[in-house]
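# An overview of the molecular structure
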Amino acid sequence: MRLTKFTDLALRSVMRLAVVRDGDEPLTTREVAEVVGVPYTHAAKAITRLQHLGVVEARRGRGGGLTLTDLGRHASVGRLVRELEGDGEVVDCEGDRPCPLRGACRLRGALRDAQEAFYAALDPLTVTDLVASPTGPVLIGLTNRPSG
């Protein structure tokens, strides 16, 4: 299974926000975009989606920025991936040219089972687990801000 670029970006953004230390200024969407190496507009769309999921909180203005919510910090990676990827199937049997096997195909069910197994393998992991050492210190180092 392959994640969409959007899901990959959203997960990397959440991971970077998870290592913001108490007392540090919150990161902006622009800073997250720079750290994860994507255009600002792409990062803004991912951050907006994460806000809708209750994973990220954004404050505007002076002293504003992005913070990971408690839900985001302890969210199951499997749940996040399911939410970000949507409920689409691995194969599109009904597309422009529907598959002639769709009524009798066993592949579709097997791929659906494999997709669920993929998500299930991610279910026990939390965002906090993803940023444990050695990942967290590397993420902290990926910033253009001076250390404080």
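Summarised in this report is the structure supplied together with it. What you see is a predicted model; the values in this text were computed from it and never measured. (Residues numbered from 1 in each chain as written. Predicted model: local features only at pLDDT ≥ 70, side-chain atom pairs only at ≥ 80, totals over all residues. Heavy atoms only, no water.)

Contact geometry for helix α1 (residues 5–18) and helix α3 (residues 40–52): axes closest at 9 Å, N-to-C directions at 75°. One way to sum up the angle between α1 and α3 is to call them roughly perpendicular. When α1 is examined against α3, the residues Phe6, Leu9, Ala10, Ser13, Val14 and Leu17 are found in contact with a partner set consisting of His42, Ala43, Lys45, Ala46, Ile47, Arg49 and Leu50. Its residues placed into classes, the contact of α1 with α3 shows nine nonpolar, two polar and two charged. (Axes fitted to C-alpha atoms, helices over the stretch in contact; angles between N-to-C directions. Helix = DSSP H or I, 4+ residues; strand = E, 2+ residues; numbered from the N terminus. Parallel < 35°, antiparallel > 145°, perpendicular 65-115°, else oblique. Contact = heavy atoms within 4.5 Å. Nonpolar A, V, L, I, M, F, W, Y, C, P; charged D, E, K, R; others polar.)

On to the side chain of threonine 29. With respect to the element layout, threonine 29 can be found in helix α2 (residues 29–36). With sequence-adjacent residues up to four places away left out, threonine 29 is seen in contact with Tyr40, Ala43, Ala44, Ile47 and Leu66.

Note that arginine 16 resides in helix α1. Within the buried core, arginine 16 has no salt-bridge partner, and the shortest N-O distance to an opposite charge, that of aspartate 24, equals 6.4 Å. Sequence-distant contacts of arginine 16, defined by excluding residues within four places in its chain, comprise Leu27, Val35, Leu139, Ile140, Leu142 and Thr143. (Buried < 20%, exposed > 50% of the residue type's maximum accessible area, 1.4 Å probe, protein only. Lys, Arg positive; Asp, Glu negative; His and termini not counted. Salt bridge = Lys/Arg side-chain N within 4 Å of Asp/Glu carboxyl O.)

Pairing between side chains becomes possible if they bear opposite charge and their charged atoms approach one another. One pass over the full model with this rule turns up eight salt bridges. For aspartate 24, the salt bridge is made with arginine 21, and the minimal N-O distance between the two is 3.5 Å. By relative accessible area, which is 38% here, aspartate 24 ends up partly exposed. Across the salt bridge formed by arginine 108 and glutamate 89, the nearest N and O atoms sit 3.1 Å from each other. One end of the pair, arginine 108, is in helix α6 (residues 107–122); the other, glutamate 89, is in the loop between α5 (77–85) and α6, with 19 residues separating them in the sequence.

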